[in-house]
Amino acid sequence: MDRKEFTRVVREVLQSLPEEFAAHMAHAEVVIDDDPSAEQIRSVGLDPGRDTLFGLYEGVPLPERGDAAGTLPDKISIFYRPIVDACASPAEIREEIRITVLHEIAHFFGIDDGDLDDWGY
Ligand SMILES: [Zn+2]
């Protein structure tokens, strides 16, 4: 799957969000990068020499924002290469993109990894 198609799938997932969520997404920028930086991998406690990331949420989760006036928009990164490399077929890539995008959006809404694990995300 090339990056153009990958980007299209990410947009599809974003457009499929319930309107209630979609309204808040104006505060989050969703970007697609080839690979996470070493610093981004370290930021979640992983080892850049050994680990990679499919996606990353950076920012202040909505429930913790309080008066958010003047804060930068949050950033959700989706990483093209790690996802494509980990999947055997376009269908698998599509499913992994969906899970990754929803996982990172959940962080934006203040849901932590423990709960996401329980729910299979
Ligand atoms: Zn997570």
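Thresholds applied
Residues numbered from 1 in each chain as written. Predicted model: local features only at pLDDT ≥ 70, side-chain atom pairs only at ≥ 80, totals over all residues. Heavy atoms only, no water. Donors = N, O, S within 2.8 Å, 3.2 Å for Na, K, Ca; no water. Helix = DSSP H or I, 4+ residues; strand = E, 2+ residues; numbered from the N terminus. Buried < 20%, exposed > 50% of the residue type's maximum accessible area, 1.4 Å probe, protein only. Pairing = 2+ DSSP bridges. Axes fitted to C-alpha atoms, helices over the stretch in contact; angles between N-to-C directions. Contact = heavy atoms within 4.5 Å. Parallel < 35°, antiparallel > 145°, perpendicular 65-115°, else oblique. Left-handed = near helix turned anticlockwise from the far one by under 90°. Core = buried A, V, L, I, M, F, W, Y, C linked by side-chain atoms within 4.5 Å.

Asks: Would you mind going over the coordination of the zinc ion with me for this structure?
Replies: When a metal holds four donors in a tetrahedron, each ideal angle between them is 109.5 degrees; when it holds six in an octahedron, the ideal angles are 90 or 180 degrees. Coordination of the zinc ion by the protein comes from His103 (NE2), His107 (NE2) and Asp113 (OD), over a distance range of 2.0 to 2.1 Å. Read N to C, the donor residues that coordinate the zinc ion are spaced as H-x3-H-x5-D. In this pair, His103 and His107 both sit in helix H5 (residues 90-108), four residues apart, roughly one turn of the helix. Neither residue differs from the other here; His103 and His107 are each classed as buried.

Asks: Before we go on, may I ask you to explain the sheet that holds strand S3 (residues 74-79) in this structure?
Replies: The pairing of strands in a sheet comes from backbone hydrogen bonds and takes either a parallel or an antiparallel form. Read across the sheet, three strands follow the order S1-S3-S2 without closing on themselves; strand pairing throughout is mixed. Bordering the open sheet on either side are strand S1 (28-33) and strand S2 (55-58), each of which pairs with just one other strand. When strand polarity is set aside, the average angle formed by the axes of neighbouring strands in this sheet is 15°. Note that S1 and S3 share six bridges and pair parallel. Directly across from Asp33, in S3, lies its bridge partner Phe79. Its contacts with the sheet put helix H1 (residues 3-15) on S1 and S3, and the angle it makes with S1 is roughly 155°.

Asks: Teacher, can you tell me more about the packing of H1 against H5 here?
Replies: Each pair of packed helices can be described by the angle between their axes along with the distance between the axes. In contact at an axis separation of 9 Å, H1 and H5 are set at 50° when each is read in the N-to-C sense. Classified by the interaxial angle, the pair formed by H1 and H5 is oblique. Note on packing geometry: the crossing formed by H1 with H5 is right-handed. For the pair H1 and H5, the contacting residues are Glu5, Phe6, Arg8, Val9, Val10, Val13 and Leu14 in the first and Ile93, Arg94, Ile97, Arg98, Val101, Leu102 and Ile105 in the second.

Asks: I would appreciate a short explanation of the nonpolar core in the present structure.
Replies: A general feature of soluble globular proteins is that nonpolar side chains tend to end up buried together. By size, the foremost hydrophobic cluster in this structure holds 23 residues, and its most contacted members are Phe6, Val10, Met25, Ile76, Ile78 and Ile97. Among the elements of the structure, H1, S1, S3, helix H4 (80-86) and H5 are those that each provide at least two residues to this core.

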